[in-house]
Amino acid sequence: IGFWIESVWMVLLAVLLMGTQSCLYSPAKYGLIRDVDGERGVAFGSGMFEMMAFLGILIGTIVAAYISEHYAWWIVTIVMVVLALIGWWLSMILGIKEGNVEQTKESRNPIRFLVESYRFASKHKGLNKAVFGASLLWLLGGLLQMNVVLHCTRTLGMGNTASSIILSMAAVGIAIGCSAAGKLIENRNKQNFIIGGLIGVALSLIFILIFKPEGWVLGVLIFLIAFSGGIFQVPCLTIVQSANIGHKLGSMLAYLNLLTFIFVLIGTAIFSIITMFSDQNSYAVFVVMLIITILSVGLFIFKKR
């Protein structure tokens, strides 16, 4: 309706409602992973979940760029309604038998909930690191997505089609990285995959900053950043899913998702501030991404909990 009557405020309200729906939906879907194939399917399931999430976001961004160039309100409406109906239909045919769920009493105050969840996770070795790591990738992913568009169009002067191709390399990279990690990490040291993935991100960023590549070389490096991000992300999620915390898993998944959305907001703010004070210098954003990645390596190597 917002697109039909051209009401910015109604469209913003729709975005707010979609965000609220996502907050309810996301912890629920992650909570079903162990119900599908038990403990043995946690790593593979987490990899597939992340692969589809990032693939959907990036494909949506590319499709949205194309639709915006051929805009008609009815096209947008049809696309969104069809996707919503498909999602509803798939949720109805899942047929998953959930185990008995113990009710837990959690604070409705988001700040208190974050504090209490952090304290609880601190009692379980590696759990907080995994939660922060999984959230961190969304911050880096958001920065990468926004900066690739800026870098290709403003810094390199590429057209929309060429920029979309570069951005699609990130979609392919994260999909393959998550899929590979989901298949490889079972019964292996997850910390090694996490650190290895972060190092891969850092090295790719360093190459971009030093050599300032263009064309297919840039596309390959964007692919490697996203691929390494997938290798880093899935072990973090697997650690959370595999944690021996019983009925508190649901609370930890909610904690993870709340922190993820906070990190996404932080990433958006970082990007806005950097581009504001650097005259939209995309290399400055890559530098900040590199700093965040290096600090994250230190977090996983030296922080005990």
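All figures in this text were calculated on a predicted structure; none of them were measured in a lab.

Before going further, it helps to examine the overall build of the protein chain. In terms of helices and strands, the protein chain carries twelve helices and zero strands. The helix and strand sequence of the protein chain, counted from the amino end, reads α-α-α-α-α-α-α-α-α-α-α-α. Taking 2.2 N^0.38 as the reference for a compact globule, 305 residues should give roughly 19 Å; the C-alpha atoms of the protein chain span a radius of gyration of 20 Å, in line with that estimate. When the backbone C-alpha atoms are referred to their principal axes, the protein chain occupies close to 55 × 50 × 35 Å. Counting across all 305 residues of the protein chain, residues that qualify as buried make up 41%. When contacts within the protein chain are restricted to residue pairs at least 6 apart in sequence, long-range pairs at least 24 apart make up 82% of them. When the accessible surface of the protein chain is summed, it comes to about 17000 Å², and 69% of that surface belongs to carbon and sulfur atoms. Separation of charge centres in the protein chain, based on 20 positive and 13 negative side chains, amounts to 12 Å.

Axes are the key here: two packed helices are described by the angle between their axes and the distance separating the axes. Packing of helix α7 (residues 127–155) against helix α10 (residues 215–242) leaves a shortest axis separation of 8 Å and a crossing angle of 160°. For the element pair α7 / α10, the angle class is roughly antiparallel. Considering how the two elements wind past one another, α7 and α10 form a crossing that is left-handed. From α7, Leu 127, Ala 130, Val 131, Gly 133, Ala 134, Leu 136, Leu 137, Trp 138, Leu 144, Val 148, His 151 and Cys 152 reach across to α10, where they touch Leu 218, Ile 222, Ile 225, Gly 229, Phe 232, Gln 233, Cys 236, Leu 237, Ile 239 and Val 240.

Glancing now at the nonpolar core. The biggest cluster of nonpolar side chains holds 73 residues, and the ones touching the most others in it are Leu 144, Ile 208, Ile 222, Phe 232, Phe 286 and Met 289. Elements with a contribution of two residues or more to this core: α4 (42–69), α6 (110–122), α7, α8 (160–184), α9 (190–211), α10, α11 (249–277) and α12 (282–302). For this core, the element with the highest residue contribution is α7, accounting for 13 residues. Setting aside residues no more than four positions away along its own chain, Met 289 makes contact with Leu 140, Leu 143, Leu 144 and Leu 205.

Take the confidence of the model for the protein chain next. Of the residues in the protein chain, 95% reach a pLDDT of 70 or more, and the chain-wide mean stands at 87. The secondary-structure element of the protein chain with the lowest mean pLDDT is helix α3 (residues 33–37), recorded at 74, while α9 shows the highest, at 95.

Structurally, the position occupied by Lys 129 is in helix α7. Judged by its relative accessible area of 10%, Lys 129 falls in the buried class. Of note is the side chain of Lys 129, whose polar atom sits 3.5 Å from the backbone oxygen of Phe 300.

Taking 1.5 Å per residue, 21 residues should reach 30 Å; α12 reaches 31 Å between its end C-alpha atoms and fits that length. Listed as buried for α12 are Ser 282, Tyr 283, Val 285, Phe 286, Met 289, Leu 290, Ile 292, Thr 293, Ser 296, Val 297 and Phe 300. Where α12 begins, the side chain of Asn 281 points an oxygen toward the backbone nitrogen of Tyr 283, at a separation of 2.9 Å.

It is worth spelling out the state of the cysteines at this point. Tallied over the full model, the rule gives zero disulfides. In this model Cys 178 remains outside any disulfide bridge; the closest cysteine sulfur is found in Cys 236, 11 Å from its own. When its relative accessible area of 0% is taken as the criterion, Cys 178 is described as buried.

With that settled, the discussion passes to the packing of α7 against α11. Contact geometry for α7 and α11: axes closest at 8 Å, N-to-C directions at 35°. Note that α7 runs across α11; the crossing there is right-handed. Residues belonging to the contact of α7 with α11 are distributed by class as follows: 19 nonpolar, seven polar and no charged.

The full count for this structure, using the stated rule, is seven aromatic pairs. Between Phe 132 and Phe 263 the ring centres are 6.1 Å apart and the planes differ by 65°, which places this aromatic pair in the edge-to-face class. One end of the pair, Phe 132, is in helix α7; the other, Phe 263, is in helix α11, with 131 residues separating them in the sequence. Classification of Phe 263 as buried rests on a relative accessible area of 13%. Consider the rings of Phe 223 and Phe 227, whose centres lie 6.1 Å apart with planes at 20°: the pair is stacked.

Basis of the calculations
- Residues numbered from 1 in each chain as written.
- Predicted model: local features only at pLDDT ≥ 70, side-chain atom pairs only at ≥ 80, totals over all residues.
- Heavy atoms only, no water.
- Helix = DSSP H or I, 4+ residues; strand = E, 2+ residues; numbered from the N terminus.
- Rg over C-alpha atoms; globule rule 2.2 N^0.38 Å.
- Buried < 20%, exposed > 50% of the residue type's maximum accessible area, 1.4 Å probe, protein only.
- Contact = heavy atoms within 4.5 Å.
- Areas by Shrake-Rupley, 256 points an atom, 1.4 Å probe, with all protein chains shown as cover.
- Lys, Arg positive; Asp, Glu negative; His and termini not counted.
- Charge placed at Lys NZ, Arg CZ, Asp CG, Glu CD.
- Axes fitted to C-alpha atoms, helices over the stretch in contact; angles between N-to-C directions.
- Parallel < 35°, antiparallel > 145°, perpendicular 65-115°, else oblique.
- Left-handed = near helix turned anticlockwise from the far one by under 90°.
- Core = buried A, V, L, I, M, F, W, Y, C linked by side-chain atoms within 4.5 Å.
- pLDDT = per-residue confidence, 0-100.
- Polar contact = N/O pair within 3.5 Å; in protein donor to acceptor, adjacent residues only side chain to side chain.
- Expected span 1.5 Å × (residues − 1).
- Disulfide = S-S within 2.5 Å.
- Nonpolar A, V, L, I, M, F, W, Y, C, P; charged D, E, K, R; others polar.
- Phe/Tyr/Trp six-rings, centres within 6.5 Å; stacked < 30°, edge-to-face > 60°.

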